[in-house]
Amino acid sequence: MNKDQKVNMDPNAKLSLIERFAYGVGDYSFNLVYSSISAFLLVYYVSVLGVNAVTAGSIMAVSRIFDGVSDLVMGRIVDKTHSKWGKARPWLLRLCVPLAVCFVLMFSIPSGLAGKAQIAYMFLTYNMVSTVFYTGMNVPYATLQGLMTTNQYERGLLGNIRNLLSTAGTMTVNTFVMKMCTAFGDGDQYSQKGWTMTFIILAVLFILLNLFTFYFCHERVVELPSGDGEEKQEASIVECLKSLVKNKYWLILVVFLFSLYFMMSTFFGSAYYFAQYILGDENVYAMTANALSMAQIIMLFCTPFIMKKFGKRNTGLFGMAISSVAFLLTALAGSNVNLVVAANVLKGLGFGCCGATMFGMLQDAITYGSWLTGVQAMGMGNAASSFCMKVGSGIGTAALGWILGAGGFNTDPTSAGALTALNISCIWIPLATCVIGAVCMLLFDLDKHYDRAVADLAEGKWKGSK
């Protein structure tokens, strides 16, 4: 009897503590890579290599286009994968080493390269990491959540643990990377040796953690034959996309996720300047930011109990409502630091509720879509959602630049126009998107259909079958 046969392989299974933790560990490892790129790649390009900031930023911006498209490609690949390990798990095993190697190469550009050769190396390594291998692992990882169980509470719990450990991964990077670079660089934080050694250690840790996730997580939700006994034809990519568009709950989640990631780009992108020019002291940025992060972590320990009693949808709705009130409180606070800190605590509580539930609700919506249309598009559903999140994040970043530019921020950041632009970016756009998110949660009444959908799928039926 192999290992997979020894565990409970019921599609609606309650998961063990180790399996839940192992799934969350996967997102911790992904955030060692993602947060390193987000927080420190530009620093490496500019301060270690001496590359022009505009050039470095342009490389990263252009690459986002390829990155979004690759999500859709990988979603299709996952849907067509059939192996002894399932559809998603094998990609964690196959790609963790290539990603780790390219991750190190990204932060180890040879000193002899200059000019166009250096730019080409930067472009190639960035896209090998982000567009090819990171997407090649992260889309299957997201899909795995829906393949481990159809149990709504368990899916919500997996999303909660995932969000908690992803936050821990980000905090690990923010706390230790620069300290490690300095230590390995013999006191020089911008030494190439220090950066290479630091990211070798992170890459090895990334591999080990992904092997842990691969070994302890199991796929129980398998493709079933149609109820009439006929062999089911594999859906084309066009059929998969059409099935998603017909699924109103998936569309609601896409709007929700797009809005949320748009908001995070404008809010977090302007938060430092908000502290500097609205609150009048950039040194309070750390206090205001940490108030949000710590409140979010605390809430993530509470959300499993909230979800169990009230469900994922109501927990997410509660989070959006709290966040809306918090942004309104920030608007009323003006330059009062204590009130802004209190508002950020509320934002952290709201973000914790949303982060704990959104990916579980996405998996439920995709399962419902399989029942509604008879088309199984688990990988494509996750990939298309990820594409929309990246588009939302990219447009949000661009919108932040446009708003600050329109307010004359570059010319005089203390002018009335610049301060208005900061308030729009850090308060009013986030408030509007939280209201949109709350409306999405109100419309997400999937609970009244979900049990029937799961029961029918377990018998190889879908809504239109006889």
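Residues numbered from 1 in each chain as written. Predicted model: local features only at pLDDT ≥ 70, side-chain atom pairs only at ≥ 80, totals over all residues. Heavy atoms only, no water.

Q: An account of the packing of aromatic side chains is requested, with residue identities and associated values reported.
A: The tally for this structure, following the rule as stated, stands at 24 aromatic pairs. With a centroid separation of 5.9 Å and 25° between ring planes, the pair formed by W195 and F199 is classed as stacked. Note that W195 and F199 are positioned in helix 7 (residues 192-216) at a spacing of four residues, about one turn of the helix. Centre to centre, the rings of F212 and F216 are 4.8 Å apart; their planes meet at 50°, and the pair counts as tilted. Here F212 pairs with F216, and both are found in helix 7, just four residues apart, close to one helical turn. Using a relative accessible area of 25% as the deciding quantity, one classes F212 as partly exposed. Among the aromatic residues, those joined into a cluster by ring pairs are Y23, F30, Y34, Y134, Y141 and F206. Against the face of F214 rests R89, its NZ or CZ located 4.5 Å from the ring centre. Sitting over the face of the ring of W91, R94 holds its NZ or CZ atom 4.7 Å from the ring centroid. (Phe/Tyr/Trp six-rings, centres within 6.5 Å; stacked < 30°, edge-to-face > 60°. Helix = DSSP H or I, 4+ residues; strand = E, 2+ residues; numbered from the N terminus. Buried < 20%, exposed > 50% of the residue type's maximum accessible area, 1.4 Å probe, protein only. Lys NZ or Arg CZ within 6 Å of the ring centre and 35° of its normal.)

Q: Would you mind going over the nonpolar core in detail, with residue names and values included?
A: Formed by 125 residues in total, the largest nonpolar core has its most connected members in Y44, W195, F206 and F256. The greatest single-element share of this core, amounting to 14 residues, is contributed by helix 9 (residues 248-278). (Core = buried A, V, L, I, M, F, W, Y, C linked by side-chain atoms within 4.5 Å.)

Q: With reference to specific residues and values, describe a nonpolar patch on the surface.
A: Side chains of M197, I200, V204, L208 and L211 sit close together on the surface and give an oily, nonpolar patch of about 390 Å² of accessible area. Examined against the element boundaries, L211 turns out to sit in helix 7. (Patch = residues over 30% accessible without salt bridge, like charges linked within 9 Å, V, L, I, M, F, W, Y side chains within 5 Å. Areas by Shrake-Rupley, 256 points an atom, 1.4 Å probe, with all protein chains shown as cover. Salt bridge = Lys/Arg side-chain N within 4 Å of Asp/Glu carboxyl O.)

Q: Could you give me a rundown of the environment of K193, with the residues and numbers involved?
A: Positionally, K193 belongs in helix 7. A residue is classified by how much of its surface remains accessible, and K193, at 48% relative accessible area, is partly exposed.

Q: Outline the packing of helix 6 (residues 152-184) against helix 12 (residues 337-373), listing residues and values.
A: Running from N to C, helix 6 and helix 12 cross one another at 140°; their axes reach a closest spacing of 7 Å. One way to sum up the angle between helix 6 and helix 12 is to call them oblique. Between helix 6 and helix 12 the crossing geometry is right-handed. Along the contact surface, helix 6 presents Q152, R155, G156, G159, N160, R162 and N163, while helix 12 presents G355, A356, F359, G360, Q363, D364 and T367. Taken together, the residues that form the contact of helix 6 with helix 12 break down as two nonpolar, nine polar and three charged. (Axes fitted to C-alpha atoms, helices over the stretch in contact; angles between N-to-C directions. Parallel < 35°, antiparallel > 145°, perpendicular 65-115°, else oblique. Left-handed = near helix turned anticlockwise from the far one by under 90°. Contact = heavy atoms within 4.5 Å. Nonpolar A, V, L, I, M, F, W, Y, C, P; charged D, E, K, R; others polar.)

Q: Explain the pattern of salt bridges residue by residue, including any values.
A: One pass over the structure, following the stated rule, counts eight salt bridges. Between R20 and E154 there is a salt bridge; the shortest N-O distance is 2.7 Å. In this pair, R20 is assigned in helix 2 (residues 17-48) and E154 in helix 6, connecting sequence segments 134 residues apart. With a relative accessible area of 10%, R20 lands in the buried category. For K312, the salt bridge is made with D364, and the minimal N-O distance between the two is 2.7 Å. Of this pair, K312 sits in helix 11 (residues 312-333) while D364 sits in helix 12, and the two are 52 residues apart along the sequence. The class for K312 is buried, based on a relative accessible area of 9%. What makes D364 buried here is its relative accessible area of 2%. Where salt bridges share partners, they join R155, K312 and D364 into one cluster.

Q: Requested: an account of helix 6, with residues and values cited.
A: In a regular helix each residue adds 1.5 Å, so 33 residues correspond to 48 Å; helix 6 covers 46 Å between its end C-alpha atoms and thus fits that length. Largest kink in helix 6: about 35°, centred on F176. Looking at where helix 6 begins, the residue whose side-chain oxygen comes 3.0 Å from the main-chain nitrogen of Y153 is N151. Looking one or two places after helix 6, you find D186, whose phi comes out positive at around 55°. (Expected span 1.5 Å × (residues − 1). Bend = angle between axes of the 7 residues up to and from the residue. Polar contact = N/O pair within 3.5 Å; in protein donor to acceptor, adjacent residues only side chain to side chain.)

Q: Give a description of the confidence of the model for the chain that names residues and reports values.
A: In the predicted model, the chain carries a mean pLDDT of 85, and the fraction of residues at 70 or more is 92%. Here residues 224-231 is modelled with pLDDT under 50, and outside its nearest four sequence neighbours on either side it reaches eight contacts, counting other chains as well. (pLDDT = per-residue confidence, 0-100.)

Q: Go over unusual backbone geometry with me, naming the residues and quoting the values.
A: A positive phi angle is found at D186, which is not glycine, with a value near 55°. Relative to the elements of secondary structure, D186 occurs in the loop between helix 6 and helix 7.

Q: An account of helix 4 (residues 89-106) is requested, with residue identities and associated values reported.
A: Its 18 residues give helix 4 an end-to-end C-alpha distance of 26 Å, which sits within 8% of 26 Å, the value for a rise of 1.5 Å per residue. For helix 4, the principal kink sits at L95 and spans about 45°; a proline, P98, occurs within the next four residues. Those residues of helix 4 that sit buried are R89, P90, W91, L92, L95, C96, L99, A100, C102, F103, V104 and M106.

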